[in-house]
Amino acid sequence: MKLGLFENNDGPSRDAGARHLWIFAVAAVGLVAVILQVGQGRARAAALSEIRTRLLAQVAIRTELLRDHQESLRREAVFLASLPPISGILRAEASHGFDRLENTPEELWKRRLETIFIGFAKTDPRIVELRLVGVANGGREIVRLDQRGGDRRIAPDHALERDSGRDFFAQAAPRKTGDVFLSDLGLDSAAGRLVEPPVPIQRASTPVRDASGKLFGIVVVDIDARPMLDEFRKSLIPPFEAYLTNGEGDFLSHPRKEMEFGFALGKRHRWRDEFDDEARADDLPQWVGSGARRGSLLVVSHRVSLESSTTARQWVVAATYPASALQARVAQSRNTALAVAAGILILGGLLLFLYLRLQARVRRRILALNADLERQVHERTAQIESISTLQKTILDTAGYAIITADTEWTITMFNPAAEAMLGYKAEEVVGKMSGDRLRVPEEVDTLVSEFSRNTDAPPPSRFQAVAADIARFASQPRERFYVRKDGSRIPVLVTAAPLRNEAGEIFGHLGVVVDLTERRAIEEDLRARTEEAIAANRSKAEFLANMSHEIRTPMSAIMGLTQLLENRQQEPDSQAIVRKILRAGTSLQLLIDDILDFSKIEAGHLELENTPFHLDDVLDNLATIMGANAGSKDLELVIGAPPQGTTHLVGDAHRLGQILINLTGNAIKFTERGSVAVSLELVSRNGDAATLRFSVRDTGIGIPRDKQAGLFLAFTQADTSTTRRFGGTGLGLAICR
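First, a word on what this report is: a plain description of the structure on this page. (Residues numbered from 1 in each chain as written. Predicted model: local features only at pLDDT ≥ 70, side-chain atom pairs only at ≥ 80, totals over all residues. Heavy atoms only, no water.)

**Section: the layout of surface pockets**
Working step 1: Considered as a void within the structure, the second largest pocket measures approximately 440 Å³ in volume.
Working step 2: For the second largest pocket, the lining is made up of 19 residues, of which Leu-649, Val-650, Ala-690, Thr-691 and Leu-692 are closest to its centre.
Working step 3: At the level of secondary structure, the elements contributing two or more residues to the lining of the second largest pocket comprise β24 (648-651), α16 (653-669) and β26 (689-698).
Working step 4: Looking at the lining of the second largest pocket, the element that brings in the most residues is β26, giving five residues.
Working step 5: Class assignment of the residues belonging to the lining of the second largest pocket gives a composition of 10 nonpolar, six polar and three charged. (1 Å grid on protein atoms, 1.4 Å probe; cavity = no way out; pocket = protein on both sides within 12 Å on 5 of 7 lines; lining within 4 Å. Points joined across faces, edges and corners; volume = space filled by probe spheres on them. Helix = DSSP H or I, 4+ residues; strand = E, 2+ residues; numbered from the N terminus. Nonpolar A, V, L, I, M, F, W, Y, C, P; charged D, E, K, R; others polar.)

Rendered as structure tokens:
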């Protein structure tokens, strides 16, 4: 019978192998049994050591918690006993209800103490009661704050109680100042009855003495112990358990809450009732019996004294771990070891079979991998062919030339757009021609010269200079000239960048080239048309300047004759007509003057004089002309005086006056009432040169912000309604500018 991979025609050899396998199996089983026996003892010892360490840690953590709680409570009692209002009440009671030192009555000190008690209780929600108990008044409370249920209340005088018979009073009275009596944990009561639901509290009391050491009163702090007990129960992972008892063994904290504070509820639950042995409370682990739990427990306990100077009153902190859990851990370790051993035996028995089967499987796997590799190669080849087809389509249909070259600048790609632009066929240049032959030689020589000037290195080759230029302006379009096959040169826009592999190494260069011939022609045509427009505009300005001058001459004659006619005796109707003609002529003459000045400015023929003048004369003339305009309105025209030392100036007084008249006239035109103010300010002075700032302010209609940008444009006003209402051509401010 054939067994496939296990087939072996050598019978004796096969029997020897089986015999050796049996010997190995028996030896392995014996070794595993010995290891299990030894390992079980070590596992128990290791588990017991770990449990003891964790018990000690749990007891230490909870002991520190209780001590911190006690110390915090002591500090609060001492702090409250040192409050200034308590000292004030002490002095007031010694002086018939009035504190002569602070000039304050006792009642005011009580109110201040009540306020402090309320504020202090707000900061500590654990507080249940704060009290100041007197001694001279038979142990009656002087001030009491109640914070049960989160509601802070100051007890009225008729509700204050006598506490001289209470244990905390008797314990605190003989103590020194700063010494605090801490009560045991108990349940809160009010009016002689337990509060429902039960609330565990602890009380701190400390004496208040006068300067001579005489006892005046007791400060009492009652706090809710539930936060402390909740913290005591935290961080316990079953089956670890923690207990807290008082000095008589009554449970204050127990895994089962119904076992706590039995002494106050009428049914005591003590350590000795649940466990067979007393805990030694010396931090040494011990085994105690537990009939209630049907087994023994490992216990570590520690005593926490309520007094700093004696151990008469104390709590006991205990942490336990059941023996059954320890046995379960040891059994689990044994079972784990047994499972491992069984696995090793089974694994050893299968090694030979797996070895033979593995050879056949590896052979089949290699064949499968070869087949899968061939499939992947086929798929990858098809993918590459698809990508290559896509790239070729993109390159063939691109409207701009795309050229690539290797690191030696031999052209490796030349798309159809490049063929049409430069006149070469791809087969003429790819792998045969250097890319620098497409560049204008003079440009390449310039790059070589610039490279040599900017570095101390030896003169570079043409390839190096071009590569440095590409690296410097990578992906930035640059205008260049390329040489076509027929030798002609064309302007182009080149965007070049180095090509890098995944490691960041340069393996070639890419250039995207756009023919600028048509764009340059358009730009040249646009430039010529612009120059024609500028020339036409200049001719128009010169024509307007000449025409305005020609119009001014007969206009001056008309104005002179009209003035002569006005001075003659005439009928009232004729006199009115003459005046209208004179006003219309004056407006027309001003308009002609503005057009003439604006035309001169645009034509570049306006020349400024540089002659001495008195600034006072300019301002007086401004006041004379503008005073008449402002006089017809409810306006106040204010013209400031020149700054000191700026009266005698050199410049164009006529143009300065024209600007001030235009600005002030505009202000008066658009202001119905209020004021128009012209002010002068000396900005700077450097020797004989001075810079003056002229400002014109008015209370008129103003200019919208969106209209201010066009304020100084020719023939422009804020809106068409302004022109209809106030008149004007919009040239005045343009001339000023």
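**Here's the deal with helix α3 (residues 106-123)**
Working step 1: An ideal rise of 1.5 Å per residue puts 26 Å on 18 residues; α3 measures up with 26 Å between its terminal C-alpha atoms.
Working step 2: Burial in α3 covers these residues: Glu-106, Trp-109, Lys-110, Leu-113, Glu-114, Phe-117, Phe-120 and Ala-121. Considered in projection along α3, the buried side chains sweep an arc of 145 degrees and stay on one side of the axis. α3 presents Thr-115, Lys-122 and Thr-123 as exposed residues on the side facing more than 90 degrees away from its buried surface. (Expected span 1.5 Å × (residues − 1). Buried < 20%, exposed > 50% of the residue type's maximum accessible area, 1.4 Å probe, protein only. Arc of directions from axis to C-beta.)

**Structural notes on the pattern of salt bridges**
Working step 1: Evaluation of the coordinates by the stated rule reveals 41 salt bridges.
Working step 2: With its nearest N and O atoms 2.9 Å apart, the salt bridge here joins Arg-233 to Glu-260. Of this pair, Arg-233 sits in helix α5 (residues 226-233) while Glu-260 is found in the loop between β13 (251-253) and α6 (262-265), placing the two residues 27 residues apart along the sequence.
Working step 3: Accessibility expressed as a relative area gives 8% for Glu-260, which makes it buried.
Working step 4: A salt bridge links Glu-479 to Arg-520; its shortest N-O distance comes to 2.8 Å. Remark: Arg-520 occurs in helix α13 (residues 517-567) and Glu-479 occurs in strand β19 (residues 478-483); sequence separation between them is 41 residues.
Working step 5: Judged by its relative accessible area of 46%, Glu-479 is partly exposed. (Salt bridge = Lys/Arg side-chain N within 4 Å of Asp/Glu carboxyl O.)

**Considerations on the side chain of Asp-188**
Working step 1: Position of Asp-188 among the secondary structure elements: in the loop between β7 (186-187) and β8 (189-190).
Working step 2: For Asp-188, a relative accessible area of 4% corresponds to the buried category.
Working step 3: Here the side chain of Asp-188 touches Arg-148 through a polar contact of 2.8 Å, side chain to side chain.
Working step 4: Contact partners of Asp-188, with chain neighbours within four places excluded, come to Val-128, Arg-148, Arg-193, Leu-194, Val-195, Val-199 and Ile-201. (Polar contact = N/O pair within 3.5 Å; in protein donor to acceptor, adjacent residues only side chain to side chain. Contact = heavy atoms within 4.5 Å.)

**As for the side chain of Glu-76**
Working step 1: As for its position among the elements, Glu-76 is in helix α1 (residues 11-81).
Working step 2: A distance of 3.3 Å separates the side chain of Glu-76 from the side chain of Arg-126, its partner in a polar contact.
Working step 3: Among residues more than four places away in sequence, those in contact with Glu-76 are Phe-120, Asp-124, Arg-126, Ile-127 and Val-221.

**Here's the deal with the sheet that holds strand β23 (residues 634-639)**
Working step 1: Spatially, the three strands line up as an open sheet ordered β23-β25-β26, and their pairing is mixed. Each edge of the sheet is formed by a strand with only one pairing partner; in this case those strands are β23 and β26. On average, adjacent strands in this sheet sit at an angle of 15 degrees to one another, irrespective of strand direction.
Working step 2: The pairing of β23 with strand β25 (residues 673-686) spans six bridges and is parallel. For Ile-639, the partnering residue across the bridge sits in β25 and is Val-678.
Working step 3: Along the sheet, α16 contacts β23, β25 and β26; its crossing angle with β26, the most-contacted strand, is approximately 20 degrees. (Pairing = 2+ DSSP bridges. Axes fitted to C-alpha atoms, helices over the stretch in contact; angles between N-to-C directions.)

**Quick look at the packing of helix α2 (residues 84-94) against α3**
Working step 1: Their axes nearest at 9 Å, the elements α2 and α3 cross at an angle of 160 degrees. With respect to each other, α2 and α3 are oriented roughly antiparallel. Here the hand of the crossing between α2 and α3 comes out left-handed. Between α2, through Pro-84, Pro-85, Ile-86, Gly-88, Ile-89, Arg-91, Ala-92 and Glu-93, and α3, the contact on the second element is made entirely by Glu-106, Trp-109, Lys-110, Arg-112, Leu-113 and Ile-116.
Working step 2: Along the lines of polarity and charge, the residues of the contact of α2 with α3 split into eight nonpolar, one polar and five charged. (Parallel < 35°, antiparallel > 145°, perpendicular 65-115°, else oblique. Left-handed = near helix turned anticlockwise from the far one by under 90°.)

**Topic: the sheet that holds β13**
Working step 1: With antiparallel pairing, the five strands of this open sheet are ordered in space as β13-β12-β16-β15-β14. Pairing within the sheet leaves two strands with one partner each, and these edge strands are β13 and β14 (286-290). Along the sheet, successive strands turn relative to each other by an average axial angle of 40 degrees, direction set aside.
Working step 2: Pairing of strand β15 (residues 295-305) with strand β16 (residues 314-322) involves nine bridges; the strand directions are antiparallel. Residue pairing for β16: Leu-297 is matched across the bridge by Pro-322.

**Observations regarding empty space enclosed by the protein**
Working step 1: Counted according to the given criterion, the structure contains two cavities of 30 Å³ or more.
Working step 2: Around the largest cavity, the lining is made up of 24 residues, and of these Arg-439, Ile-470, Tyr-482, Val-494 and Ala-496 lie nearest the centre.
Working step 3: Sorting the residues of the lining of the largest cavity by element identifies β17 (401-406), α12 (462-472), β19, β20 (489-500) and β21 (506-515) as the ones contributing at least two each.
Working step 4: At four residues, the largest contribution of residues to the lining of the largest cavity is made by β21.
Working step 5: Its residues assigned to classes, the lining of the largest cavity shows 13 nonpolar, six polar and five charged.
Working step 6: There is about 40 Å³ of room inside the second largest cavity.
Working step 7: Elements represented by at least two residues in the lining of the second largest cavity include exactly α3 and β4 (141-146).

**Here we look at α5**
Counting along an α-helix, one turn takes 3.6 residues, and residues three or four places apart therefore face a common direction.
Working step 1: Here α5 has its buried residues at Met-228, Leu-229 and Phe-232. Considered in projection along α5, the buried side chains sweep an arc of 95 degrees and stay on one side of the axis.
Working step 2: Count one or two residues on from α5 and you reach Ser-235, which has phi positive near 60 degrees.

**Brief notes about the packing of aromatic side chains**
Working step 1: Counted according to the given criterion, the structure contains eight aromatic pairs.
Working step 2: Ring geometry for Tyr-243 and Phe-251: centres 5.8 Å apart, planes at 40 degrees, overall tilted.
Working step 3: For Tyr-243, a relative accessible area of 0% puts it in the buried group.
Working step 4: Judged by its relative accessible area of 0%, Phe-251 falls in the buried class.
Working step 5: Look at Tyr-243 and Trp-271: their rings are 5.8 Å apart centre to centre, the planes differ by 85 degrees, and that puts the pair in the edge-to-face class. Taken together, the residues span a long stretch of sequence, with Tyr-243 in strand β12 (residues 241-245) and Trp-271 in helix α7 (residues 271-274) at a distance of 28 residues.
Working step 6: Taking relative accessible area as the criterion, Trp-271 reaches 4% and is therefore assigned buried.
Working step 7: Clustering of aromatic rings is evident, with ring pairs tying together Tyr-243, Phe-251, Trp-271 and Phe-275. (Phe/Tyr/Trp six-rings, centres within 6.5 Å; stacked < 30°, edge-to-face > 60°.)

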